Amino acid sequence: MKNTILKSILGASLLLSVTSCSDFGDMNVSPNSPANPNTASLFTGAMRGVGGVVTNIVPALYVQQFGDVTYIEESRYKTIQFDYSGTYTGPLNNLDYIIKLNTDEATKNTAAANGSNANQIATARILKAYYYQSITDRWGDVAYSTALKGATNFSPSFDTQQAIYNDLFKEWKEAQAQFDAGKTISGDIILGGNVAKWKKFANSLRLIAALRLSKVDAAKGKTEFAAALADGVITSNADNVTFKYLADANYEHPLYNNYITTNRKDYAVSSTFVNYLTKLKDPRLPAIADKNINGEYKGVPYGVFPVAWKAQDVSLAAAAIRQQSSAVNVITYAQVLLAQAEAAKLGWTTANAKQLYEAAIKASMEQWGVYTEAAYNAYIAGADVAYNDAKAIELISTQRWITLFYQGSEAWAEWRRTGFPVLTPAEKPLNGGTAIPRRMAYPPNEATLNKTNYDAAVAKQGKDDQYTRVWWDK
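Model, not experiment: these values are computed from the prediction.

Peer 1: Is there a simple way to explain the packing of aromatic side chains in this structure?
Peer 2: We describe a pair of aromatic rings using the distance from one ring centre to the other and the angle between the two ring planes. One pass over the structure, following the stated rule, counts 25 aromatic pairs. Of the aromatic side chains, those joined through ring pairs into one cluster are Phe66, Phe273, Tyr276, Trp368, Trp401, Phe405 and Tyr406. Over the ring of Trp472 we find Arg212; its NZ or CZ atom is 5.6 Å from the centre of that ring. Looking at Arg439, its charged tip hangs above the ring of Tyr442, at a distance of 4.8 Å from the centre.

Take a look at the structure:
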């Protein structure tokens, strides 16, 4: 799968200011080494990594939205250690530098050409927190407070996930309140500098992050949830945050690259997912999966080896969602409604859980472009969909799993937290375990280049494998 977490584009922008010799004036100053880095370019570079967070195929395989077609390995959990260095050296580094440029008295006036200092800092803080949450949700305790220090600290310590989450709530809350009426930011390829949408994005991220605490610190989760809701979250599909790829071979949709450009067709919609949606007569299935060569919806057998099928025999992801310049969902109205439905069921709010649950299904159908009143009414009356207070968490979680198709990291996090839907692990895992992974193991260089801090993290968190649970996964 094409790696969309790009390396840092800082390059010459990080060069120190050149002090020229008085005998030669500007002869020793390279015109290709700008003294004032362009924060618009830095924003664009940082935002391009968002697509990679969303479309990472491994978590989508873990929760059986997808399955392997030819090489039946990742659906059998073969890879244990995963690398996160590209996120630190790329997007996080860019965003941290944007904040510094807009804070430092020597550079803030120049940086303001690409948006008011406050608006740039607020946007960068929101995105930094987004990236950090994506990392800690997958690896657990990671470098945070001492990260991004460059040459001053090549061996950052690992913060606990609890400490990271506490700071993420602070960052999102402060950042959404930091925007001013000044110039909107340039280089924003996600929300076009729309301040109102950035605020809703930040608050919606807080809302969903608060729900992560449902089993480990419900009191704090409830408080943070209420605060995020009060500050204003996504309220319609028009507010959905998406990331759009380009009609360009250098930055095309990952599934287009896999299916068309390279003609590999490594992944198809899994039998688990297709069979369940077929059972429900779910109108979203045609928007999610294509029919096979025989005109049938047939998921690829999940985690089964040896292979007895070809790509033409199974349902690939629907053509409509994997064009070269297709968009992917980062956070949606349906997600936010499902979070509110669960919070209501947990007693965190006084809202009506059933109404929110059904509204979420409607929003999801509209999001996938398949809503009709008749189809919706029939669907929510179905035996396996109709709201039942005794099974509310299971129903809400299962609908979340459906609407989060191809938002694998988020779907995996919610599956770990809730345990729904109930999934059967691959028959013969290749990692020495027997269950679906609960985390990703640290990259190998942590144990060699940052051994002291790595050892301390392992001693505190637990064995560095795929089955030690992160803090909120109880």
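Peer 1: For this particular structure, what's the right way to read the pattern of salt bridges?
Peer 2: As enumerated under the stated definition, the model contains 30 salt bridges in all. Arg212 is the salt-bridge partner of Glu414, the closest N and O atoms lying 3.3 Å from each other. Separated by 202 residues along the polypeptide, Glu414 in helix H17 (residues 408-418) and Arg212 in the loop between helix H8 (195-211) and helix H9 (218-231) bring together distant segments of the chain. For Lys220, the salt bridge identified is with Glu224, shortest N-O distance 3.0 Å. Here the residue Lys220 and the residue Glu224 both occupy positions in helix H9, the gap between them amounting to four residues, near one helical turn. Judged by relative accessible area, Lys220 falls into the partly exposed class, the value being 24%. Salt bridges sharing common partners tie together Asp137, Arg212, Glu342, Arg400, Glu410, Glu414 and Arg417.

Peer 1: What's the story with helix H16 (residues 392-403) in this structure? I'm lost.
Peer 2: Along an α-helix, a turn takes 3.6 residues, which lines up residues three or four apart on a common side. With twelve residues, H16 should cover 16 Å at 1.5 Å per step; its first-to-last C-alpha distance of 16 Å lies within 8% of that length. Where burial is concerned, most of H16 is hidden: ten out of the twelve residues are buried. Burial in H16 covers these residues: Ala392, Leu395, Ile396, Ser397, Thr398, Gln399, Arg400, Trp401, Ile402 and Thr403.

Peer 1: I tried to follow the environment of Ser134 on my own but got confused; where do I start?
Peer 2: Positionally, Ser134 belongs in helix H6 (residues 117-139). When the C-alpha positions of Ser134 and Ser325 are compared, they lie 24 Å apart, and in sequence the two are 191 residues distant.

Peer 1: Looking at this model, I keep getting lost on the pairing of strand S4 (residues 241-244). Mind explaining?
Peer 2: For a regular strand, side-chain orientation follows a simple rule: the groups alternate between the two sheet faces. Because side chains alternate across S4, one face comprises the buried residues Val241 and Phe243, and the other comprises Thr242 and Lys244, none of which is buried. As defined by bridge partners, S4 adjoins strand S6 (residues 327-331) across four bridges and the pair is classed as antiparallel. By the bridge assignment, Thr242 is partnered in S6 with Asn329.

Peer 1: How should I be thinking about the packing of helix H1 (residues 39-47) against helix H4 (residues 85-101) in this particular structure?
Peer 2: Packed helices, taken two at a time, are described by the angle their axes make and the gap between the axes. At a minimum axis separation of 8 Å, H1 and H4 run at an interaxial angle of 150°. One element, H1, and the other, H4, form an angle in the roughly antiparallel class. Along this stretch, H1 crosses H4, giving a crossing that reads as left-handed. On H4, the residues touching Thr39, Leu42, Phe43, Gly45 and Ala46 of H1 are Pro91, Asn94, Leu95, Tyr97, Ile98 and Leu101.

Peer 1: I'm lost on the side chain of Thr398 in this one. Help?
Peer 2: Here Thr398 lies in helix H16. When sequence neighbours within four positions are dropped, the list of residues in contact with Thr398 reads Tyr276, Phe420 and Pro421.

Peer 1: I keep staring at unusual backbone geometry and nothing clicks. Help me out?
Peer 2: Across residues other than glycine, the phi torsion is negative in most instances, and most of the peptide bonds are trans. In this structure, Pro306 follows Phe305 across a cis peptide bond, with omega equal to 10°. As for its placement among the helices and strands, Pro306 is situated in the loop between helix H12 (285-288) and S6. Positive phi, close to 55°, is recorded for Lys265, a residue that is not glycine.

Peer 1: Sorry if this is basic, but what is going on with the nonpolar core here?
Peer 2: Across soluble globular proteins, nonpolar side chains show a tendency to be buried alongside one another. Grouped together as the largest cluster of nonpolar side chains are 142 residues, with contacts concentrated most on Phe66, Tyr88 and Phe201. Examining the composition of this core, we find that eleven residues originate from one element, H6, more than from any other.

Peer 1: Where do I start with the confidence of the model for the protein chain in this structure?
Peer 2: Note that predicted coordinates carrying low pLDDT should not be read in detail. Looking at the protein chain as a whole, the pLDDT averages 93, with 92% of positions reaching at least 70. Confidence over residues 1-33 falls short of pLDDT 50; this stretch has 56 contacts with residues more than four positions distant or in other chains.

Peer 1: Sorry if this is basic, but what is going on with H9 here?
Peer 2: When the terminal C-alpha atoms of H9 are compared, their 20 Å separation across 14 residues agrees well with the 20 Å that a helix rising 1.5 Å per residue should span. Taken together, the buried positions of H9 are occupied by Gly221, Glu224, Phe225 and Ala228. Taken end-on, H9 shows its buried residues confined to a sector of 105°, consistent with a single buried face. Seen from the buried face of H9, the exposed residues on the opposite side, beyond 90 degrees, are Ala219, Thr223 and Ala230. Each element contacted by the buried residues of H9 is listed here: helix H7 (161-178), H8 and helix H13 (333-346). Phi turns positive, to about 110°, at Gly232, one or two residues after H9.

Peer 1: Mind showing me how you'd approach the packing of helix H11 (residues 271-280) against H16 here?
Peer 2: The contact between H11 and H16 brings their axes to 12 Å, and the two run at 115°. In the packing of H11 onto H16, the handedness of the crossing is left-handed. Residues Thr272, Phe273, Tyr276, Leu277 and Leu280 of H11 touch H16, and the partners they reach there are Thr398, Gln399, Trp401 and Ile402. When its residues are assigned to classes, the contact of H11 with H16 shows six nonpolar, three polar and no charged.

Calculation notes
- Residues numbered from 1 in each chain as written.
- Predicted model: local features only at pLDDT ≥ 70, side-chain atom pairs only at ≥ 80, totals over all residues.
- Heavy atoms only, no water.
- Phe/Tyr/Trp six-rings, centres within 6.5 Å; stacked < 30°, edge-to-face > 60°.
- Lys NZ or Arg CZ within 6 Å of the ring centre and 35° of its normal.
- Salt bridge = Lys/Arg side-chain N within 4 Å of Asp/Glu carboxyl O.
- Helix = DSSP H or I, 4+ residues; strand = E, 2+ residues; numbered from the N terminus.
- Buried < 20%, exposed > 50% of the residue type's maximum accessible area, 1.4 Å probe, protein only.
- Expected span 1.5 Å × (residues − 1).
- Pairing = 2+ DSSP bridges.
- Axes fitted to C-alpha atoms, helices over the stretch in contact; angles between N-to-C directions.
- Parallel < 35°, antiparallel > 145°, perpendicular 65-115°, else oblique.
- Left-handed = near helix turned anticlockwise from the far one by under 90°.
- Contact = heavy atoms within 4.5 Å.
- Core = buried A, V, L, I, M, F, W, Y, C linked by side-chain atoms within 4.5 Å.
- pLDDT = per-residue confidence, 0-100.
- Arc of directions from axis to C-beta.
- Nonpolar A, V, L, I, M, F, W, Y, C, P; charged D, E, K, R; others polar.

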